[in-house]
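# Analysis of the macromolecular model
Listed below are the residues making up each chain.
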Amino acid sequence: MQDDTSNRQGRLFLALFISLAIWMGINYLFPPPKPPESKKPVVTVDPAKDSDKTSEAKPTKITPVEQDTNKIDKILSTVKKEDIKTFSLKTDSFLIKFSSLGGRITEYYIRNHKEPDGSEFIIAKDPKFKINFEGTEEYAVELSRFEGFDFNLINDKDTIPYSPYNNVNFASAYDEKTKTIIFEAPSLDGKYIIQKTFQFFPSENYFKFYLKLKNISKETVTIASTNSEVYLRSFGSLGPLLKNREDFNDRDVQHYFRYYYLDGSFKDHVDSASAQGFLDNVGSWFSGPTPGKDERFEIKKGINEKVDFVGTGSRYFIGVLDPIKDQPNGVVLDNRKGNETGVLISYDNWKLAPGEEIKLDYAAYVGLRELDGTAFRDSQFDPKITPTSTFAGLSESLDKSFNQGITTPLRNGIVWFLKKIYLIIPNYGWAIVIFAILFKLAFYPLNKKQAESMKKMQELSPQIKAINEKYADDPKTKQEKTIELYKKNGTNPMSGCLPMIVQIPIFIALYTAFSDTADLWNSPFLWIKDLSEPDTVFITPKLAIIGVLTINILPLIMVGTQIIQSRMTTVSTDPNQKMMMYMMPFIMLYFFWSMPAGVTMYWTMQNILSIAQQAYTNKFGKSEEKKLAANNANATGNKPQPTNNAQKGFRTNPKKKKK
């Protein structure tokens, strides 16, 4: 049976290897067709002359373009720098900058601030995050990659990601009391007015965005139709960029993503890559591009439900746009390599009679990938408490945008527990050590059973070896005799695996906790500068072929403890299993080399504690058995009975003769 298993495993690995080779060969021989280069038009519109009045709540009125000047070249000009207005806005949690050029957000920071319970939330621990904002020194992290957030319309996919309206200088107005900024400009064809309103709230991580389109012509205007859709781009790829792009590894790439909730289903894709799946690419390789289809972009439409929300995410933060009233019918994904466009929402049903207008209402959230972040601070804004709230209609599925996997409840519990320990000992490194010890104590009965099982297996090792030698040519009988031996001595080799299985979801939850929890970001411990990153102590110069190497200490310590633990617990006499035992530490070394230091430290602590428990069981467990046997003998007046099979008469040395 064991040989059959080995053969099946060999065939499986061979099949996987062949499949991988075929897949790589297809990629090499039949690469997907390259998309045509996109054009990036530069369009500007002269601002209204009376847009200097920025202290009023209402926007300055813009003179509509006359109908006989509907040619675009008559309204295009170069925007003068002195005509561009900028605004700065502060809330409890954020610092935001706006520009009338594009009527857009140009910079978006999350700052150090106090939480509703009065505790300090320190997001910017490093001095490099110290900035000067309107004459005040602040510690804040920029989230828009200094590329801004557009909230502008795009009529032609060829202009994605750069909307022509980004070069339109909007008339603007700012009401500091209500933290409301309004931008207004005519459309490029001069047939309708575009008004954009951003409203912020001092204590909230949400803001409102309103889009109004008004027909100012004397004829019916079709702004969007099934044959000519209009796209709204809100958030591009989210920051911060923690490394230079050329230094990204595979794990870094996965930290930046875009997502949408459409037709009752949540979908997410990694930034800078195509949203098409493997099967889509295979189809295009064999059948070629679909005639008339622009492979650079992918349009997704709902069948039963419309778009619930779209957004982008990074390692610690998310940006979400939630259409509250008029939900769009679909989304557009940029499939070009290196894209940072986020997810655009598409409209195909905007038709306005003379003087008619469309008013669209959106809720937007920018902040932590945490439930605490999405909670409302003021109950008057919480639609669950106040049905008349301005955020009434907010999606109840926003928590899906966190993208933290199926272990999210467990991960949230671990983060909560670490934060509680941090309040007592303000260092997350010690919090991990304490968590590892408490976790070990909580599962002490299970771990004790594992240690005792390993001890019994070691005691049976000579007999197992004898069975293997005696029935080397008869695998079936060998398996039967081995199982019979286990049953006779009341042991189960699989019982030692249970604690390891229990730890798997803990490990996954810890990985996500240390990968995307902002509290642990830039948290030092001993020589470790950041528990959310590998504990790199040295980086080699660029070497030929292999490039740059990082030297990390914790994975080496972890592997050392793994080897000691394996030698203490492994009793197999099978050569293949022994080979796997020796190879496993090196596999673990590769696996943990780029892990967050916090995860590696937790695993190392578990190894150390397991070694200590196994050593204690091996030393004192046997003496306790002898003591128990002696006590039984004294109580019955008989000689002590053997407590293991070696004492029961199994000859551990067959060459030694009985006297």
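Above this text you will find the structure in question.
A quick note: this is a predicted structure, and the numbers were derived from the prediction, not measured.

### Digging into the overall build of the chain
For the chain, the helix and strand inventory stands at twelve helices and 25 strands. Residues classed as buried in the chain amount to 46% of the 659 residues present. Looking at the chain alone, contacts between residues at least 24 apart form 69% of all its contacts between residues at least 6 apart. For the chain, the accessible surface area stands at approximately 35300 Å², while carbon and sulfur atoms represent 57% of it.

### Side note on the packing of aromatic side chains
Per the counting criterion, the structure on display carries 44 aromatic pairs. With a centroid separation of 6.3 Å and 35° between ring planes, the pair formed by Tyr108 and Phe207 is classed as tilted. Highlighted residues: Tyr108 in strand S3 (residues 104-111) and Phe207 in strand S12 (residues 206-215), separated in sequence by 99 residues. For the pair shown, Tyr108 and Phe207 are each scored as buried. Positioned above the aromatic ring of Phe391 is the side chain of Lys208, whose terminal nitrogen or guanidinium carbon lies 5.4 Å from the ring centre.

### Let's talk about the pattern of salt bridges
Tallying each qualifying case throughout the model produces 18 salt bridges. One salt bridge in this structure joins Arg111 and Glu138, with 3.0 Å as the shortest N-O distance. In this pair, Arg111 is assigned in strand S3 and Glu138 in strand S7 (residues 136-142), connecting sequence segments 27 residues apart. Neither Arg111 nor Glu138 differs from the other in exposure class; each is buried. In this structure, the salt-bridge partner of Asp516 is Arg411, at a minimum N-O distance of 2.9 Å. Placement of Asp516 in helix H9 (residues 498-516) and of Arg411 in helix H5 (residues 408-424) is noted, with a sequence separation of 105 residues between them. Among the residues examined, Arg411 registers a relative accessible area of 0% and is labelled buried.

### Some points on unusual backbone geometry
Between Ile160 and Pro161 the backbone carries a cis peptide bond, its omega angle lying at 10°. Counting through the fold element by element, Pro161 comes out in the loop between strand S8 (152-154) and strand S9 (171-175). The peptide bond linking Gly239 to Pro240 adopts the cis configuration, its omega dihedral lying at 0°. Tracing the sequence through the fold places Pro240 in the loop between strand S14 (230-233) and helix H2 (250-254). Even without being glycine, Arg145 reaches a positive phi, approximately 60°. Position of Arg145 among the secondary structure elements: in the loop between S7 and S8. Classification of Arg145 by relative accessible area gives buried; the value is 12%.

### Remarks on the pairing of S7
One ladder, built from three bridges, connects S3 with S7; its direction is antiparallel. What sits directly across from Arg111, in S7, is Ala140. Summarising the sheet, strand S6 (residues 130-133) and S7 pair through four bridges and their orientation is antiparallel. By the bridge assignment for S7, Phe133 is matched with Thr136.

### Concerning a negative patch on the surface
On the surface, Asp473, Asp474, Glu480 and Glu484 cluster together to form a negatively charged patch. Its place among the elements puts Asp473 in the loop between helix H7 (444-470) and helix H8 (475-488).

### Details of a nonpolar patch on the surface
Taken together, Leu423, Ile424, Ile425, Trp430, Leu526, Trp527, Val537, Phe538, Ile551 and Ile557 make up a surface patch of nonpolar side chains, about 1000 Å² in accessible area. Listing elements by their share of the nonpolar patch, those giving two or more residues are H5 and strand S24 (536-539). Along the polypeptide, Ile557 turns up in helix H10 (residues 554-569). Judged by its relative accessible area of 36%, Ile557 falls in the partly exposed class.

### Considering the sheet that holds S12
Backbone hydrogen bonds hold the strands of a sheet together, and the pairing may be parallel or antiparallel. Taken together, nine strands build an open sheet; the order of strands is S9-S10-S11-S12-S23-S19-S18-S15-S16 and the sheet is antiparallel. The open sheet has two edge strands with one neighbour each: S9 and strand S16 (265-270). Each strand axis lies, on average, 15° off the axis of its neighbour in the sheet, ignoring direction. Relative to strand S19 (residues 317-323), strand S18 (residues 307-313) runs antiparallel, the two being bridged by four bridges. The partner of Gly313 across the bridge, within S19, is Ile318.

### A word on helix H6 (residues 428-442)
When the terminal C-alpha atoms of H6 are compared, their 20 Å separation across 15 residues agrees well with the 21 Å that a helix rising 1.5 Å per residue should span. Buried within H6 we find Tyr428, Gly429, Ala431, Ile432, Val433, Phe435, Ala436, Phe439 and Lys440. The opening residue of H6, the one whose side-chain oxygen lies 2.7 Å from the backbone nitrogen of Gly429, is Asn427.

### Focus on the side chain of Asn335
The topology assignment puts Asn335 in the loop between strand S20 (330-334) and strand S21 (343-347). Its relative accessible area of 9% is what places Asn335 among the buried residues. Within polar-contact distance, the side chain of Asn335 engages the side chain of Glu298 at 3.5 Å.

### Some thoughts on the sheet that holds strand S2 (residues 94-99)
A sheet is described by the order of its strands in space; here five strands give the open sequence S1-S2-S3-S7-S6, paired in antiparallel fashion. Looking at strand neighbours, the two that pair on one side only are strand S1 (86-90) and S6, the edges of this open sheet. Ignoring strand direction, the axes of neighbouring strands in this sheet form an average angle of 40°.

### Concerning the packing of H5 against H6
Between H5 and H6, the shortest axis-to-axis distance is 9 Å and the interhelical angle comes to 115°. Considering the relative orientation of H5 and H6, their crossing is right-handed. For the pair H5 and H6, contact is made by Ile414, Phe417, Leu418, Lys419, Ile421 and Tyr422 and by Tyr428, Ala431, Ile432, Ile434, Phe435 and Leu438, respectively. Grouping the amino acids of the contact of H5 with H6 by side-chain chemistry returns eleven nonpolar, no polar and one charged.

### Description of the nonpolar core
Counting 80 residues, the largest nonpolar core has Phe98, Ile105, Phe207 and Trp350 as its most contacted members. Per-element accounting of this core gives the leading share, eight residues, to strand S23 (residues 357-368). Beyond its immediate stretch of four places on either side in the chain, Phe98 contacts Lys85, Thr86, Phe87, Leu89, Arg104, Ile105, Thr106, Ile181, Phe183, Phe198 and Phe200. Ranked by size, the runner-up nonpolar core spans 33 residues in total, among them Val415, Phe507, Leu520 and Trp603.

### Description of the pairing of S18
Of all seven residues in S18, seven are buried; the element is thus mostly enclosed. Note: strand S15 (residues 257-262) against S18, six bridges, orientation antiparallel. For Arg258, the partnering residue across the bridge sits in S18 and is Thr312. Where S18 folds back on S19, the antiparallel hairpin that results is connected by three residues.

Rules used in this analysis
Residues numbered from 1 in each chain as written. Predicted model: local features only at pLDDT ≥ 70, side-chain atom pairs only at ≥ 80, totals over all residues. Heavy atoms only, no water. Helix = DSSP H or I, 4+ residues; strand = E, 2+ residues; numbered from the N terminus. Buried < 20%, exposed > 50% of the residue type's maximum accessible area, 1.4 Å probe, protein only. Contact = heavy atoms within 4.5 Å. Areas by Shrake-Rupley, 256 points an atom, 1.4 Å probe, with all protein chains shown as cover. Phe/Tyr/Trp six-rings, centres within 6.5 Å; stacked < 30°, edge-to-face > 60°. Lys NZ or Arg CZ within 6 Å of the ring centre and 35° of its normal. Salt bridge = Lys/Arg side-chain N within 4 Å of Asp/Glu carboxyl O. Pairing = 2+ DSSP bridges. Patch = residues over 30% accessible without salt bridge, like charges linked within 9 Å, V, L, I, M, F, W, Y side chains within 5 Å. Lys, Arg positive; Asp, Glu negative; His and termini not counted. Charge placed at Lys NZ, Arg CZ, Asp CG, Glu CD. Axes fitted to C-alpha atoms, helices over the stretch in contact; angles between N-to-C directions. Expected span 1.5 Å × (residues − 1). Polar contact = N/O pair within 3.5 Å; in protein donor to acceptor, adjacent residues only side chain to side chain. Left-handed = near helix turned anticlockwise from the far one by under 90°. Nonpolar A, V, L, I, M, F, W, Y, C, P; charged D, E, K, R; others polar. Core = buried A, V, L, I, M, F, W, Y, C linked by side-chain atoms within 4.5 Å.

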